[in-house]
Amino acid sequence: MKKIVPILLLLVGLVSPIYAEKEVADRAIRCSALIYIELIRPEMAGLTAGEALMNRVYAYHMIDDNEDLEMTNGQITEAQTDAITKLTQEYIQGVNLAEEYRGCIYWMTDVAKFINISEYVATEDSTEESDAAEMELFLSAPTETTVTSFKNPIKTWGQQVDLGFVAWASQELEVPYKEAILLKVSEKFE
């Protein structure tokens, strides 16, 4: 029995960081997906860099120490598509995504400030050393927003989410759950 307790403590210690990385990655890809939905609105085009930033946070937090230090754009796009589908299903079911969206935008801003995105340039000819340095930079970035006091009411953030989903569903492209999204939005604005 005495041997089981240390073994369990060791296992919990090994699993906790992995779980924490997965949790950060999940929140980052959901944030990226929310931003992507909002980007359909022309006035939100400034968030394009934020979407790419959160995709990188996702990718670096998903990389396993025992695997290559690389995640393909296809893998990131697939994860983002899955997140968009889940967010859309939640939106249709009436889940209020306003707080998540607000936290996402503030978190993205914190990451951009930490990385100093205005001066950050990814190297075209990356080396193993530069890739490792970039990974270290993104892994040391904030994993959630530091802001606790918000100047805009949560209702404003909810309206932003609604406008994003309206724009998303109003595209000429094939959008999953298009009719259900538009029905949900019309119910909200009645």
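Quick look at the structure, then. Since this is a predicted model, take the numbers as computed values, not measurements.

## Quick word on unusual backbone geometry
The backbone of tyrosine 177 shows a phi angle near 65°, a positive value even though the residue is not glycine. Among the secondary structure elements, tyrosine 177 is positioned in the loop between helix H6 (154-169) and helix H7 (178-188).

## Overview of empty space enclosed by the protein
Summed over all chains, the structure comprises one cavity of 30 Å³ or more. Of the pockets and cavities examined, the largest cavity occupies roughly 30 Å³. Along its surface, the largest cavity is lined by Ile84, Thr85, Thr88, Trp168, Val175, Pro176 and Tyr177. The greatest single-element share of the lining of the largest cavity, amounting to three residues, is contributed by helix H3 (residues 73-92).

## Thoughts on H3
The first and last C-alpha atoms of H3 sit 28 Å apart over 20 residues, in line with the 28 Å expected at 1.5 Å per residue. What H3 keeps buried is the set Ile76, Ala79, Gln80, Ala83, Ile84, Leu87, Thr88 and Tyr91. Looking one or two residues beyond H3, the residue adopting positive phi is glycine 94, at roughly 95°.

## Considerations on the pattern of salt bridges
According to the stated counting rule, one finds eight salt bridges in the structure shown. For glutamate 90, the salt bridge goes to arginine 30, with nearest N and O atoms at 2.8 Å. Here arginine 30 lies in helix H1 (residues 4-38) and glutamate 90 lies in helix H3, a separation of 60 residues in the sequence. With its nearest N and O atoms 3.7 Å apart, the salt bridge here joins lysine 184 to glutamate 187. Taken as a pair, lysine 184 and glutamate 187 lie in helix H7 at a separation of three residues, close to a single helical turn. For glutamate 187, a relative accessible area of 42% puts it in the partly exposed group. Where salt bridges share partners, they join Arg30, Glu90 and Glu100 into one cluster.

Scoring rules and cut-offs
Residues numbered from 1 in each chain as written. Predicted model: local features only at pLDDT ≥ 70, side-chain atom pairs only at ≥ 80, totals over all residues. Heavy atoms only, no water. Helix = DSSP H or I, 4+ residues; strand = E, 2+ residues; numbered from the N terminus. 1 Å grid on protein atoms, 1.4 Å probe; cavity = no way out; pocket = protein on both sides within 12 Å on 5 of 7 lines; lining within 4 Å. Points joined across faces, edges and corners; volume = space filled by probe spheres on them. Expected span 1.5 Å × (residues − 1). Buried < 20%, exposed > 50% of the residue type's maximum accessible area, 1.4 Å probe, protein only. Salt bridge = Lys/Arg side-chain N within 4 Å of Asp/Glu carboxyl O.

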